[in-house]
Amino acid sequence: MQAKDTSGFNWKWVGLQTQKHSGKVFYAIRLSSKLSRRTIGVGNDKLVALNIGQLIDDQIDQWIEKGQEIDLDLLKRLARQELDQVKNKTQNLRVVEKDDLIQLWNEYVNFHLNLGCWEETYILTHIQTVGNLIKRCPHQKLENKTKIVDWFFNTDKRSVKTSKARFQLVVAVIDWASKQALIPRYLGVEYRDILSSIHTKTNEQEKGEDIGSKEIDIFTVSEVYKILEALKTEKVSRFKGKHYQYYHYTYFLWLTGCRPSEAVALKWENVDLQRQKIIFKEGEVIASGKRVKKKGTKTVYQRIFPINNELEIIIKSIPKTGNNGYVFVILDGKPVSQQAYVRMWKGLLNKLEIRYRIPYQLRHTMISYHANNDFPVHKLAKLVGNSEKVINDHYLQLDIERISLPGVIKGNEVSFNN
């Protein structure tokens, strides 16, 4: 049996390794050299192996944070449980034919996984999501174009724009299969024509422009500071600390306009108060229930953001709790979870009688405010990781209030004007 590392799939404590046996490829999770380099077999499905790798890495991280020893037998049992769950889910699958949509999907995924061209977050989110949809689709024959399209789009569970993004990957699979001569070439052309005929309100996300997961719907500046005041004073919180634990995190999102994934991942080692700068170089998201780390930001490898007076005060007031190095942690010392934050956010805005917008709109609001208040666009684009075109085409049209910020700095505190 020969083994080699699979480039691009290494977590904090473990990495993914391929093993060839009798001409077949199998996968194993290899512990780092600090943990004795032991391996755990995880079957021949790369997507499943990636899920197990993240699970094992998270478990090891918890043990190390608590100063506990690594239990290799328990890690093997965790891997076995995951493999058994996958086996149970697939036992009742029907027999598929070589030109069925699900079969073409499997070949498409395996082809690209072996190339190593997909990032882990893309695999655990978009690929898994679309794969699950294809498995549930009752129409597998590509000749049933109308039925397949209707099934993907006639749903109240997602918007037309989201459905189109999902269907776009299905079309990519069919087009790829037609070019690989797995199916007739005309099918790839027909499905591409269908996709191009489906129009949504905006196409910026499909063009790769970073304007967020929703259309721009900004807050007023006074609303932002009303939210911050409520978080700081906990005037609408039923439990002590429930809102305040998110005060610094929310204030930081507003002042920097950074993406939530960048703020969640920010470490103290990347905050330099002496040189008055913050380095955004990582992102973290929850994918398939697991916390997934990503090197670099969405658009560049790293981005430097200057620390002004107001931001410096907020940063200096953040207590350094926990031993994981994260800047933003909650009461139990764990890093902020954006999912938990969104649940808190919905309830807070409701109690404050502020119309609901997703937290990502803090980024849009910050960019809009400065873009419409004479801050040089090319500099703003560099600071927030947008293109000048996006800012000129979208943010400059909003004409947000041309007023001074209501936050007043006094000493080392920020007070709020009523």
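Relevant structure appears above.
Residues numbered from 1 in each chain as written. Predicted model: local features only at pLDDT ≥ 70, side-chain atom pairs only at ≥ 80, totals over all residues. Heavy atoms only, no water.

Asker: Now, about the environment of Gln81: what can you tell me, with residues and values included?
Answerer: Along the chain, Gln81 falls in helix H2 (residues 72-90). By relative accessible area, Gln81 is classed as partly exposed at 46%. Sequence separation between Gln81 and Ile52 is 29 residues; the distance between their C-alpha atoms is 9.7 Å. (Helix = DSSP H or I, 4+ residues; strand = E, 2+ residues; numbered from the N terminus. Buried < 20%, exposed > 50% of the residue type's maximum accessible area, 1.4 Å probe, protein only.)

Asker: Any chance you could break down the pairing of strand E3 (residues 24-31) for me, citing the residues and the numbers?
Answerer: Sheet analysis places strand E2 (residues 14-21) next to E3, joined by 8 bridges and oriented antiparallel. From the neighbouring strand, Gln19 faces E3, where its bridge partner is Phe26. One ladder, built from 3 bridges, connects E3 with strand E4 (residues 39-41); its direction is antiparallel. Following the sheet pairing, Ile29 is matched in E4 by Ile40. (Pairing = 2+ DSSP bridges.)

Asker: Give me the lowdown on unusual backbone geometry, citing residues and values where you can.
Answerer: Residue Glu234 is not a glycine yet carries a positive backbone phi of 55°. Tracing the sequence through the fold places Glu234 in the loop between helix H8 (221-233) and helix H9 (247-256).

Asker: Give me the sheet that holds strand E9 (residues 303-306): which residues, what numbers.
Answerer: In a beta sheet, neighbouring strands pair by backbone hydrogen bonds and run either parallel or antiparallel. With respect to topology, 3 strands assemble into an open sheet ordered E5-E6-E9, the strand pairing being antiparallel. Here the strands that pair on one side only, and so sit at the sheet edges, are strand E5 (271-272) and E9. Here 2 bridges tie E5 to strand E6 (residues 277-280), and the two strands are oriented antiparallel to one another. Opposite Asp272, over in E6, you have Lys277 as the bridge partner.

Asker: Describe in detail the packing of aromatic side chains, supporting the description with residues and values.
Answerer: Remark: the centre distance and the inter-plane angle together describe each pair of aromatic rings, the angle taken between the planes. Under the definition given, this model contains 17 aromatic pairs. Judged by centre distance (6.1 Å) and plane angle (85°), the rings of Tyr225 and Trp254 are edge-to-face. Of this pair, Tyr225 sits in helix H8 while Trp254 sits in helix H9, placing them 29 residues apart in sequence. When sorted by exposure, Tyr225 lands in the same class as Trp254, which is buried. Joined through ring pairs, the aromatic side chains of Phe219, Tyr246, Tyr249, Phe252, Phe280, Phe328, Tyr341 and Trp345 make up one cluster. For the cation-ring pair, Lys267 lies above Tyr326, with the distance from its terminal atom to the ring centre recorded as 4.7 Å. (Phe/Tyr/Trp six-rings, centres within 6.5 Å; stacked < 30°, edge-to-face > 60°. Lys NZ or Arg CZ within 6 Å of the ring centre and 35° of its normal.)

Asker: Report on the pairing of E6, specifying residues and quantitative values.
Answerer: Linking two consecutive strands that pair antiparallel, namely E5 and E6, is a turn of 4 residues; a positive phi of about 55° is found at Gln276 within it. Both E6 and E9 contribute to a ladder of 4 bridges, which runs antiparallel. What sits directly across from Phe280, in E9, is Arg303.

Asker: Lay out empty space enclosed by the protein in plain terms, naming residues and giving numbers.
Answerer: With a probe scaled to a water molecule rolled over the atoms, the places where space remains empty come into view. The full count for this structure, using the stated rule, is 1 cavity of 30 Å³ or more. Residue lining of the largest cavity: Glu262, Ala265, Leu266, Lys267, Asn270, Ile279, Phe280, Lys281 and Glu282, and that is the complete set. Breaking the lining of the largest cavity down by element, the ones donating at least two residues are helix H10 (260-265) and E6. Partitioned by chemical class, the residues of the lining of the largest cavity number 4 nonpolar, 1 polar and 4 charged. (1 Å grid on protein atoms, 1.4 Å probe; cavity = no way out; pocket = protein on both sides within 12 Å on 5 of 7 lines; lining within 4 Å. Points joined across faces, edges and corners; volume = space filled by probe spheres on them. Nonpolar A, V, L, I, M, F, W, Y, C, P; charged D, E, K, R; others polar.)

Any link to function would need more than the numbers given here.
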